[in-house]
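Architecture and fold: a report
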Amino acid sequence: KLAVFESEMGIDPGIFTILANKYGVKTMTLIHGYAGYCWPDDSRANTVVNYYLVPGIYYKKYLRRYSPHVDEFVPVGNHEIENIDKGKEFIINGLNRGNKKVIGILVNFYWPFFVEDQRAWCPLFDENDAQKAFLKYWLPFFKWAARQDDCFFVFKGKYMQGGSQYKHPFLKDVLSEIPQNKYYQNDEILMKDVISVSDYCICSADASAFYSSLISGTKTIGYDTLGSIEAIKYNKHIIAQNADELIRNIKHIMDNGLPESLYDNVRKDHHAEGELDNQTPIRIKKLIDKLVGK
């Protein structure tokens, strides 16, 4: 009665849908990452599927326009972060922050600076230029972080080809600027756990971590080096495009906070009916039950 595709990209779900619908079989898929529906994306264009699960109503701006052959988009909330089995929740270990403010770092450092990860499909720099660009965008922040005696930093990595991005020499060098008693790095921490212990988060702009953190009500900045700054419409202090702007914005937010209306507006666009109710798994289950006739 129903076929669920874990990946929404590629032509396989479309071919299957066209054939399966002749036999009364419905199909479903889900968006991977907020970035996938926050701007036009060729890898997700022309999707053919009956039901497309998305976080919120923002699909109306881009995703629906370039995928007109989706029968129904279903805003279900953030399926990447909400709990399903709370009994297996990962708890952060080794976090000795004292009374310090916690700044969670949920950033894709390797794109576009780590040549090894880009060489196969989109080389932008040679090794020397890549390092110069990386240091230009990131070294000032790490030097600033090293001077913050009232802050504790939690770094969660994002997988790249070859393993943890924190093994890369560019990132190892700048991380060494921060005294070891001022930070904790662990790629195995769940994103939601980093957000839950953080007073502030710095994320890649328009990424899942960025919107997940804002939806959760955490003061968050999206650092973007590629022009993905549409979220600036919510507040000019939550987007930075260079190192000076990043430091200036985090200092502003630490001193002044962010308006509560910002979080409400983000939830209206990017989380189901606009309420943070932890009902995403239940919404998906109800839809599946409906489609299979339970």
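Residues numbered from 1 in each chain as written. Predicted model: local features only at pLDDT ≥ 70, side-chain atom pairs only at ≥ 80, totals over all residues. Heavy atoms only, no water.

What to know about the pairing of strand S6 (residues 151-155)
Where burial is concerned, most of S6 is hidden: five out of the five residues are buried. Burial along S6 is two-sided: Cys151, Phe153 and Phe155 and Phe152 and Val154, pointing in opposite directions, are all buried. Pairing geometry for strand S5 (residues 101-106) and S6, over five bridges, is parallel. Across the sheet, the residue bridging to isoleucine 103 is phenylalanine 153, located in S6. Relative to strand S9 (residues 183-185), S6 is paired through three bridges, and the arrangement is parallel. Its bridge partner being in S9, valine 154 is matched across the sheet by tyrosine 184. (Buried < 20%, exposed > 50% of the residue type's maximum accessible area, 1.4 Å probe, protein only. Helix = DSSP H or I, 4+ residues; strand = E, 2+ residues; numbered from the N terminus. Pairing = 2+ DSSP bridges.)

As for the packing of aromatic side chains
If you walk through the whole model with that rule in mind, you get 26 aromatic pairs. For the ring pair tryptophan 138 and phenylalanine 141, a centre distance of 5.9 Å and an interplane angle of 80° mean the geometry is edge-to-face. With tryptophan 138 and phenylalanine 141 both in helix H6 (residues 127-146), this residue pair falls three residues apart, about one helical turn. Assigned by exposure class, tryptophan 138 and phenylalanine 141 land together as buried. Judged by centre distance (5.9 Å) and plane angle (10°), the ring pair of phenylalanine 142 and phenylalanine 155 falls under stacked. Separated by 13 residues along the polypeptide, phenylalanine 142 in helix H6 and phenylalanine 155 in strand S6 bring together distant segments of the chain. Grouping aromatic residues by their ring pairs yields a cluster made of Phe109, Trp138, Phe141, Phe142, Trp144, Phe153, Phe155, Tyr166, Tyr183 and Tyr223. (Phe/Tyr/Trp six-rings, centres within 6.5 Å; stacked < 30°, edge-to-face > 60°.)

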